[in-house]
Amino acid sequence: MANIVAVKTSAETALDEAFGGLREALPGAGSVRGLRDDAIARFRESGLPHRRVEEWKYTDLRSLVRDANPVANGPQGTPTAAGKAEDFLAGLDHIRLVIIDGVFSPALSNLASLPAGLKVTSLAEALVSADAAVIADLGAGAPDNAVLDLNTAFMSDGVVVAVDAGVEIELPVAIETRHTGTVPQASFTRSLVVLGAGAKLTLIDSYEGADGVAHQTNAALAVKLGDGAQLQRISFQVQGLEAQHICTVLASLGKEALLQSFALEAGAAVARNQLFVTYKGDDAKILLSGATLLAGSRHADTTLVVDHTALGGESRELFHAVIDGEARSVFQGKIVVRPGAQKTDGRMMSRSLLLSETAEANAKPELEIFADDVVCAHGATCGELDEDLLFYCKARGIPQADAEAILVQAFVGEAIETVENEILRERLDALTQAWLAKRV
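Definitions and limits used
Residues numbered from 1 in each chain as written. Predicted model: local features only at pLDDT ≥ 70, side-chain atom pairs only at ≥ 80, totals over all residues. Heavy atoms only, no water. Buried < 20%, exposed > 50% of the residue type's maximum accessible area, 1.4 Å probe, protein only. Helix = DSSP H or I, 4+ residues; strand = E, 2+ residues; numbered from the N terminus. Pairing = 2+ DSSP bridges. Polar contact = N/O pair within 3.5 Å; in protein donor to acceptor, adjacent residues only side chain to side chain. Contact = heavy atoms within 4.5 Å. 1 Å grid on protein atoms, 1.4 Å probe; cavity = no way out; pocket = protein on both sides within 12 Å on 5 of 7 lines; lining within 4 Å. Points joined across faces, edges and corners; volume = space filled by probe spheres on them. Axes fitted to C-alpha atoms, helices over the stretch in contact; angles between N-to-C directions. Parallel < 35°, antiparallel > 145°, perpendicular 65-115°, else oblique. Left-handed = near helix turned anticlockwise from the far one by under 90°. Nonpolar A, V, L, I, M, F, W, Y, C, P; charged D, E, K, R; others polar. Phe/Tyr/Trp six-rings, centres within 6.5 Å; stacked < 30°, edge-to-face > 60°.

K.L.:
When you look at the pairing of strand β6 (residues 186–195) in this model, what are you seeing that I'm missing?
P.N.:
For a regular strand, the rule is simple: side chains alternate between the two faces of the sheet. Counting buried positions along β6 yields nine of ten residues, so the element is predominantly enclosed. Here strand β4 (residues 159–163) runs beside β6; their pairing, made up of four bridges, is parallel. Among the inter-strand pairings, Val160 is bridged to a residue of β6, identified as Leu192.

Here's what the structure looks like:
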């Protein structure tokens, strides 16, 4: 019987060759290099995910990613502290951590007076020093995922944020990841946020790039919450409309920990936001929410897996998508309740609003329950703007376009309302209004 050999795409071949050329230069040796070698070996075996892989059936990267850009190794020009994230955060005191073209920039970050109990280091430094705890936390709970394997193989830099037990950091910490320059590049960053028992932190992570440049981003964020720790995360992606963007979040929760995460997707030609949450302690809670704004021929995918492995876990997921033009939205959500994870309470809802006849929404909510004393539910809706509400607005002299914008803003606002910080809610509303003015 003849052996069947899969034909590699030009992007897969380029990525394999790029790793060979960069292997010795990437930060870390010994166990870190072994981690990288194992990851690239898995990628060589699987290749880019495609529609025959169930978790990627709606986002065929083998078709969508035709070429692999050169890997970024620092700013192309002279970067400044200004950026879209700084516009978003204007007037709001915060701790700024800037990653430029795959490299952490202390010069553009404000590290001079960090509050007591907060430590910030670059990922590259942690990899070079072979910090065993950091290396273990970086991949804890990682699923079998080719995109994450690529990130592990190529991860160049990022930040490690640690909050001591019992410490509440009052100022938000903002991790700003930017692509600069006019030459398309690929960046592979990974950051780690660790909160000790009872610690509290607000995290803002953003991703941006110049318009007209087809940058490629493969970013990952690992989160480890100790017992009773609380993390509020707000993420927004405003990449250029030619970019390709993938972000992976790996989160583990200790006993009675709380994770609140909201993500706004408003950029990139192709985007995927994937979240994997594991309950390590009893009575932990999460609230995952987000809004996706799409137009033109853009494609955005939100995929999440919530894995209840402990007693009394509570999970809430709410995601809204607005789709115009010939754009395509994907939502895949799975709640898993393991044997013994009794008293689990999990509820998930996805809603899509279609603004054109050619817009497309795909939703695949799932429940896998292996315990008998649980309360779990999921749902998905898809529809157009309510004609009665449109008529009501127009009957009061509101033009059609303005009436549509009001209704869309209200629809997206339901998801944004899950963000506790009033100032950040207002900024997210402003980003939504800016998108509505352009619908791109």
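K.L.:
Help me out: how do you make sense of the side chain of Thr303 in this one?
P.N.:
With respect to the helices, strands and loops of the structure, Thr303 is situated in strand β14 (residues 299–308). Within polar-contact distance, the side chain of Thr303 engages the side chain of Arg272 at 3.4 Å. Polar contacts involving the side chain of Thr303 include one to the side chain of Gln332, which spans 2.9 Å. Look past the residues within four positions of Thr303 in its chain and what remains in contact with it is Arg272, Asn273, Gln274, Leu275 and Gln332.

K.L.:
Could you clarify how one ought to interpret the layout of surface pockets in this entry?
P.N.:
One way to see where empty space is left: roll a probe the size of a water molecule over the atoms. The calculated volume of the largest pocket comes to roughly 600 Å³. If you go around the largest pocket, you meet 31 residues; those closest to its centre are Glu55, Pro143, Asp144, Asn145 and Phe276. If you list the elements that add at least two residues to the lining of the largest pocket, you get α2 (31–46), β12 (270–279), β14, β16 (328–337) and β18 (360–369). Taken as a whole, the second largest pocket encloses approximately 430 Å³ of empty space. The wall of the second largest pocket is formed by 16 residues, among which Lys84, Val238, Ala266, Ala434 and Lys438 lie closest to the centre. Within the residue set of the lining of the second largest pocket, elements represented by two or more residues are α4 (84–88), β9 (230–238) and α10 (422–438). If you tally residues by element for the lining of the second largest pocket, the top one is α10, at five residues.

K.L.:
Got a minute to help me understand the sheet that holds strand β7 (residues 200–208) in this structure?
P.N.:
Sheets are built from strands that pair by backbone hydrogen bonding, the pairs being arranged parallel or antiparallel. Within the open sheet, the ten strands sit side by side as β2-β1-β5-β7-β9-β11-β13-β15-β17-β19. Their pairing is mixed. The sheet is open, and its two borders are formed by β2 (103–105) and β19 (375–383), each paired with just one other strand. Each neighbouring strand pair of the sheet contributes to a mean axis angle of 10°, computed without reference to strand direction. Of the strands in this sheet, β11 (258–265), β13 (285–294), β15 (314–323) and β17 (345–354) touch helix α9 (residues 400–416), which is tilted by about 160° from β15.

K.L.:
Looking at this structure, how should I read the packing of helix α8 (residues 387–395) against α9?
P.N.:
The packing of two helices is summarised by the inter-axis angle and the distance between the axes. Close contact between α8 and α9 brings their axes to 9 Å; oriented N to C, the two are set at 130°. Put simply, α8 runs oblique to α9. Seen along the crossing, α8 lies across α9 with a hand that is right-handed. Of α9, the residues touching α8 (which contributes Leu389, Leu390, Cys393 and Lys394) are Gln400, Ala403, Glu404 and Leu407. Considering only residue class, the contact of α8 with α9 consists of five nonpolar, one polar and two charged.

K.L.:
How do you make sense of empty space enclosed by the protein when you look at a structure like this?
P.N.:
Within this structure, the stated rule accounts for seven cavities of 30 Å³ or more. Lining the largest cavity are 17 residues, and of these Val65, Leu150, Gln216, Asn218 and Ile246 sit closest to its centre. Of all the elements in the fold, those that place two or more residues in the lining of the largest cavity are α7 (146–154), β6, β8 (216–225) and β10 (244–253). Residue composition of the lining of the largest cavity, grouped by class: eleven nonpolar, six polar and no charged. Counted as a void, the second largest cavity has a volume near 100 Å³. Contributing to the lining of the second largest cavity are 16 residues, with Ala321, Ser329, Val330, Phe331 and Ser350 lying nearest its centre.

K.L.:
Would you mind showing me how to read the environment of Ala39 here?
P.N.:
Along the polypeptide, Ala39 turns up in helix α2. Separated by 205 residues in sequence, Ala39 and Gln244 have C-alpha atoms that sit 21 Å apart.

K.L.:
Would you take a moment to explain the packing of aromatic side chains for this structure?
P.N.:
Centre distance and the angle of the planes are the two values used to describe a pair of aromatic rings. Applying the stated criterion across every chain yields a total of four aromatic pairs. With centroids separated by 4.4 Å and ring planes inclined at 40°, the aromatic side chains of Phe88 and Phe236 adopt a geometry described as tilted. Within this pair, whereas Phe88 is found in helix α4, its partner Phe236 is found in strand β9, the two being separated by 148 residues in sequence. Each of the two residues, Phe88 as well as Phe236, counts as buried.

Read these as spatial facts, not as claims about activity.
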